[in-house]
Amino acid sequence: MSQPSVSRCIKEVNEAITHFYHLIKFPTTNEEYEREKQGFMRMPNGFPGIIGAIDCTHVGIIAPPVDDVQFPAIICNSNLKILAINARFPGSVHDSGIWATSAIRRELMVKHEEGNSCWLLGDSGYPLEPWLMTPLLAPNLNEAERRYNNAHRSVRNVIERLNGVFKGRFRCLNRHRILHYSPVNAAKIINSCAVLHNLCIEREGEPYLDEQIEENPYLIDNDDEHHMNNNLLHQGRAVRNRIIRTHFMN
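Residues numbered from 1 in each chain as written. Predicted model: local features only at pLDDT ≥ 70, side-chain atom pairs only at ≥ 80, totals over all residues. Heavy atoms only, no water.

Chemist: Before we move on, can you summarise the confidence of the model for the chain with the specific residues and values?
Modeler: Averaged over every residue, the pLDDT of the chain is 83; residues scoring 70 or more account for 82%. Segment residues 208–227 is flagged for pLDDT under 50; beyond a separation of four residues in sequence, or across chains, it makes 38 contacts in the model. (pLDDT = per-residue confidence, 0-100. Contact = heavy atoms within 4.5 Å.)

Structure, rendered in structure tokens:
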């Protein structure tokens, strides 16, 4: 087939898959929140309250005037199912900048104000907030804090596995490939792949891990803590300290 014919087919398939975007769904009811919490609790080193893990990953595209990379933000559950994806941002945008504009963040803020204890796990590129737990980076950690970091690293690894599976399953998203489409169409392709990935998870169960992600998120220095809302930072520290006292102290 010629490239124009392939492009037309991809466009038609992308349009058809938009009718299945409901398969990418962040929990909204208390029952759905509890189901995700239980999934993470069943993981080795799992601790209460976790509903998802968040990260961003690079997808190469043909260079537009400003940027040559899409930077999808992804949230997944304990079974590697994608709960939310946002492929609108270029690679020059920092993780924390994408998170600051997220509708999921606003929803978790409301849940927190209603007294619900639930949080995502993010690496140190994200700001510590009452609904987003990050690792401790202080050099002199006590035993409980080290246990928290180890548990955080172990459980949060689910998003690293998801990125490896996702790009292994859809090679057009692999860092060694390039999507020869505009940023808008590239985002549609990424979203379509996410829908198909969730269908695979529902029908196949545990996926085959094709490749490992080489990044170590615990070596990133978080400069953003100096620029974030101090009140949220203090609240986030209070929640994280409570988790450590409750679940990681002897």
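So much for the structure itself; the text now carries on.
Chemist: Tell me what's going on with the nonpolar core, and back it up with residues and numbers.
Modeler: Phe47 and Phe166 are the most contacted members of the largest nonpolar core, which has 47 residues in total. Those elements that provide at least two residues to this core are strand 1 (50–56), strand 4 (73–76), strand 5 (82–86), strand 6 (119–121), helix 5 (143–169), helix 6 (183–204) and helix 7 (230–247). Per element, the largest residue contribution to this core is 9 residues, and it comes from helix 5. Residues contacting Phe166, with those up to four places away along its chain left out, are Ile74, Ile82, Ile85, Leu173, Ile190, Cys193, Ala194 and His197. With 19 residues, the next largest nonpolar core counts Ala73, Leu83, Ile104 and Leu132 among its residues. (Core = buried A, V, L, I, M, F, W, Y, C linked by side-chain atoms within 4.5 Å. Buried < 20%, exposed > 50% of the residue type's maximum accessible area, 1.4 Å probe, protein only. Helix = DSSP H or I, 4+ residues; strand = E, 2+ residues; numbered from the N terminus.)

Chemist: Please set out the environment of Ala187 residue by residue, giving values where relevant.
Modeler: Tracing the backbone through its elements, the reader meets Ala187 in helix 6. A relative accessible area of 11% places Ala187 in the buried class. Once the C-alpha coordinates of Ala187 and Arg88 are considered, the two residues, 99 residues apart in sequence, prove to be 6.4 Å apart.

Chemist: Got a sec to walk through the packing of aromatic side chains? Specific residues and values, please.
Modeler: Considering all chains together, one arrives at 5 aromatic pairs under this definition. With a centroid separation of 6.1 Å and an interplanar angle of 50 degrees, the aromatic rings of Phe47 and Tyr148 are classed as tilted. Here Tyr148 lies in helix 5 and Phe47 lies in the loop between helix 2 (30–41) and strand 1, a separation of 101 residues in the sequence. Like Tyr148, Phe47 is buried. Their ring planes at 80 degrees and their centres at 5.5 Å tell us that Phe47 and Phe248 sit as a pair that is edge-to-face. On the criterion of sequence distance, the pair formed by Phe47 in the loop between helix 2 and strand 1 and Phe248 in the segment after helix 7 is long-range, its members being 201 residues apart. Among the residues examined, Phe47 registers a relative accessible area of 2% and is labelled buried. Three or more aromatic residues joined by ring pairs make a cluster, and in this case those are Phe47, Tyr148 and Phe248. (Phe/Tyr/Trp six-rings, centres within 6.5 Å; stacked < 30°, edge-to-face > 60°.)

Chemist: Tell me what's going on with the sheet that holds strand 5, and back it up with residues and numbers.
Modeler: Spatial strand order, 5-4-1-6-7: 5 strands in an open sheet with mixed pairing. Because the sheet does not close on itself, it has two edges, and the strands there are strand 5 and strand 7 (132–133). Direction of pairing for strand 6 relative to strand 7: parallel, over a ladder of 2 bridges. Following the sheet pairing, Leu120 is matched in strand 7 by Leu132. (Pairing = 2+ DSSP bridges.)

Chemist: Describe the packing of helix 5 against helix 6, listing the residues and the values that go with them.
Modeler: Two elements in contact, helix 5 and helix 6, have axes separated by 10 Å at closest approach and are oriented at 105 degrees. Here helix 5 is positioned roughly perpendicular relative to helix 6, judged by the angle of their axes. On helix 6, the residues that touch Leu162, Val165, Phe166 and Arg169 of helix 5 are Ile190, Cys193, Ala194, His197, Cys200, Ile201 and Glu204. Residue composition of the contact of helix 5 with helix 6, by class: 8 nonpolar, 1 polar and 2 charged. (Axes fitted to C-alpha atoms, helices over the stretch in contact; angles between N-to-C directions. Parallel < 35°, antiparallel > 145°, perpendicular 65-115°, else oblique. Nonpolar A, V, L, I, M, F, W, Y, C, P; charged D, E, K, R; others polar.)

Chemist: Please provide a residue-by-residue account of the pairing of strand 5, values included.
Modeler: Side-chain direction in a regular strand flips from residue to residue, so the side chains alternate between the two faces of the sheet. In terms of residue burial, strand 5 counts as a mostly covered element, since 5 of its 5 residues are buried. Where strand 4 and strand 5 come together, 4 bridges link them in antiparallel fashion. If you follow Ile74 over to strand 5, its bridge partner there is Ile85. What sits between the antiparallel neighbours strand 4 and strand 5 is a turn of 5 residues, in which Leu80 has the positive phi angle 70 degrees.

Chemist: Give me the lowdown on the environment of Ser124, citing residues and values where you can.
Modeler: In this structure, Ser124 sits in the loop between strand 6 and strand 7. Residues Ser124 and Pro135, 11 residues apart in the sequence, show an inter-C-alpha distance of 6.3 Å.

Chemist: Before we move on, could you go through the pairing of strand 1 and cite the residues and values that matter?
Modeler: Most of strand 1 sits out of view: 7 of its 7 residues are buried. Examined bridge by bridge, strand 1 and strand 4 share 4 bridges and lie antiparallel to one another. Bridge pairing in strand 4 places Ala53 opposite Cys76.

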